[in-house]
Amino acid sequence: MPTKNTKLRIGILAIHGDVAEHAAILRKLKFEPVEVRTAQDFENLDGLILPGGESTTIGKLMEIYGLKNELIRFATTPRKNPITGNYQLPTIFGTCAGLILLAKFGLLDAKIERNAYGRQLDSFETQLKIPTVSSKEISVAFIRAPKILSVGKSVEVLAKFEGVPIFVREKNIFAASFHPETLGETKIHEFIFTRKITA
Amino acid sequence: MEKKTATPRLKKGLAEMLKGGVIMDVVNPAQAVIAEKAGAVAVMALERVPSDIRKDGGVARMSDPKMIRGIQKAVTIPVMAKVRIGHFVEAQILEALAVDYIDESEVLTPADEQFHVDKSKFQVPFVCGATNLGEAARRIAEGAAMIRTKGEAGTGNVVEAVRHIRTINAEIAALQKMSPAAVKKYATEIRTPLALVEEIRKLGRLPVVNFAAGGVATPADAALLMQLGCDGVFVGSGIFKSKNPAKMARAIVLATMNFRDAKILAQVSEGLGEAMKGLEISTLTTKLAGRGW
């Protein structure tokens, strides 16, 4: 029987990218990070992260190994939450390249432009105020970041920067242009996974 | 809200996004497109791959900016380019081109026998080669945001890259067993700030991403270096000097992703045609790894 102490298993798509940085944040929040490289790795996951990396590379390799279809199946199939016992869609969070892939695979109704924030010279850190996430400032990094050009009606914009959406949600799918994990920031992951999965 | 650019964390951050991936040397836009299609996470733009530099001899310098721009236009993945050791003006030029990473590389002919580039002064992040922990630590102290083994570039012989990563691993393991007094002495010996040495000791690894480079010629070579603990792989001459570059490039990408899965490694190693012709290290007249200190 799962207890209050049951660790939720959050997968991190581990084709390449900043997998270890996401894993470190999940461990701080008492989740169990699980590297996902094959279709079998999707078994028994309570949530999933698509990390930062090169979206063209990750997308291609996902198709070669059938992981694109597996991700779509995973994202759209309700599963039992081991803590609440309820059936619900698994929570998925994409950062940067992950945002691009979620939109590309039709899991997030948004139009994205790759590298629209510029080259590495234009990469930046900033502090965000997102009251629905935390009363404190949130540190994030935009690294060769993609821009959300527009979102569909069913997409909720959770945060904007300079008037442009940067953090969005469509049902169980969360996505951000930025990286909280690069700066060791836990609040975004906590908001997404702790509240949405254990509530 | 305030935007901060070119912080050490951002410089290191881009390399973190490349982990588990393959960075390929390319000499023109067409090769860059092949590399991107095969699944490279970045390309290194240079005029001649190391094996040709070795063959042609003479002074090897930064590439023509026109050629670098052509490659930047051809692909959407990050573009890196090389400067000579210590040649900070070549680095200024590459920064003006807005390349995503600068490689201060022993593959080119060194420009300064005393000083490496002061990398902390630049907005663009740097990657530097290392053959041991002291060298890696000195480069990080100078501002390098990513390290790679030197290996012996342009040989298709992986033995030097293996030596370098094994040396770094062994030196970190030894550091972790040292008494506080010995750590202090070691920091002085390797001419590195104590705080950085303490950080390496605490982490049990370099505080920046560490790729393999130099002599990688097959998918098995890439997987070997990944199993030895490298975070990713640079492939220079190994791809475009092989019989079938597109196929070899894809195979090395798949091997790097699945470096622990021998079945997949066997599949991707099949029917690749001839790998680049390798060179025995003892027969070399110029050893590139000895450049820099």
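Reading the values: rules and limits
Residues numbered from 1 in each chain as written. Chains lettered and ligands numbered in written order. Predicted model: local features only at pLDDT ≥ 70, side-chain atom pairs only at ≥ 80, totals over all residues. Heavy atoms only, no water. Pairing = 2+ DSSP bridges. Helix = DSSP H or I, 4+ residues; strand = E, 2+ residues; numbered from the N terminus. Axes fitted to C-alpha atoms, helices over the stretch in contact; angles between N-to-C directions. Contact = heavy atoms within 4.5 Å. Buried < 20%, exposed > 50% of the residue type's maximum accessible area, 1.4 Å probe, protein only. Polar contact = N/O pair within 3.5 Å; in protein donor to acceptor, adjacent residues only side chain to side chain. Right-handed = clockwise from strand over helix to strand, strands pointing away.

## A look at the sheet that holds strand S4 (residues 79-84) of chain B
Residues and elements named next belong to chain B.
Then step 1. Pairing within the open sheet is parallel, and its 8 strands lie in the order S8-S7-S6-S5-S4-S3-S2-S9. The open sheet is flanked by strand S8 (209-211) and strand S9 (233-235), the only strands paired with a single partner. Averaged over all pairs of adjacent strands, the angle between their axes in this sheet comes to 30°, without regard to strand direction.
Then step 2. Bridge analysis of strand S2 (residues 22-26) against S9 gives 3 bridges, and the strand direction is parallel. By the bridge assignment, Ile23 is partnered in S9 with Phe234.
Then step 3. Taken strand by strand, helix H2 (residues 29-38) contacts S2 and strand S3 (42-45), and its axis lies near 165° from that of S2.
Then step 4. Along the sheet, helix H4 (residues 65-74) contacts S2, S3 and S4; its crossing angle with S3, the most-contacted strand, is approximately 165°.

## Overview of the environment of B:Asn157
Residue and element names in this part refer to chain B.
Then step 1. Within the element layout of this structure, Asn157 appears in the loop between strand S7 (146-149) and helix H7 (159-177).
Then step 2. Here Asn157 falls in the buried class, since its relative accessible area comes to 18%.
Then step 3. Expressed as a C-alpha distance, the spacing of Asn157 and Ile239, which sit 82 residues apart in the sequence, is 13 Å.
Then step 4. Contacts of Asn157, omitting those with residues within four sequence positions, involve Glu152, Gly214, Gly215, Leu279, Glu280 and Ile281.
Then step 5. At 3.2 Å, the side chain of Asn157 forms a polar contact with the backbone nitrogen of Val159.

## Observations concerning the pairing of strand S5 (residues 101-105) of chain B
All names here are of chain B.
Then step 1. The buried fraction of S5 is high, at 5 of 5 residues.
Then step 2. The alternating pattern of S5 places Tyr101, Asp103 and Ser105 on one face and Ile102 and Glu104 on the opposite face, and all of these are buried.
Then step 3. Note: S4 against S5, 5 bridges, orientation parallel. Directly across from Ala81, in S5, lies its bridge partner Ile102.
Then step 4. Read from S4 through helix H5 (residues 88-96) to S5, the crossover connection turns out right-handed.
Then step 5. With 3 bridges connecting them, S5 and strand S6 (residues 126-130) associate as parallel partners.

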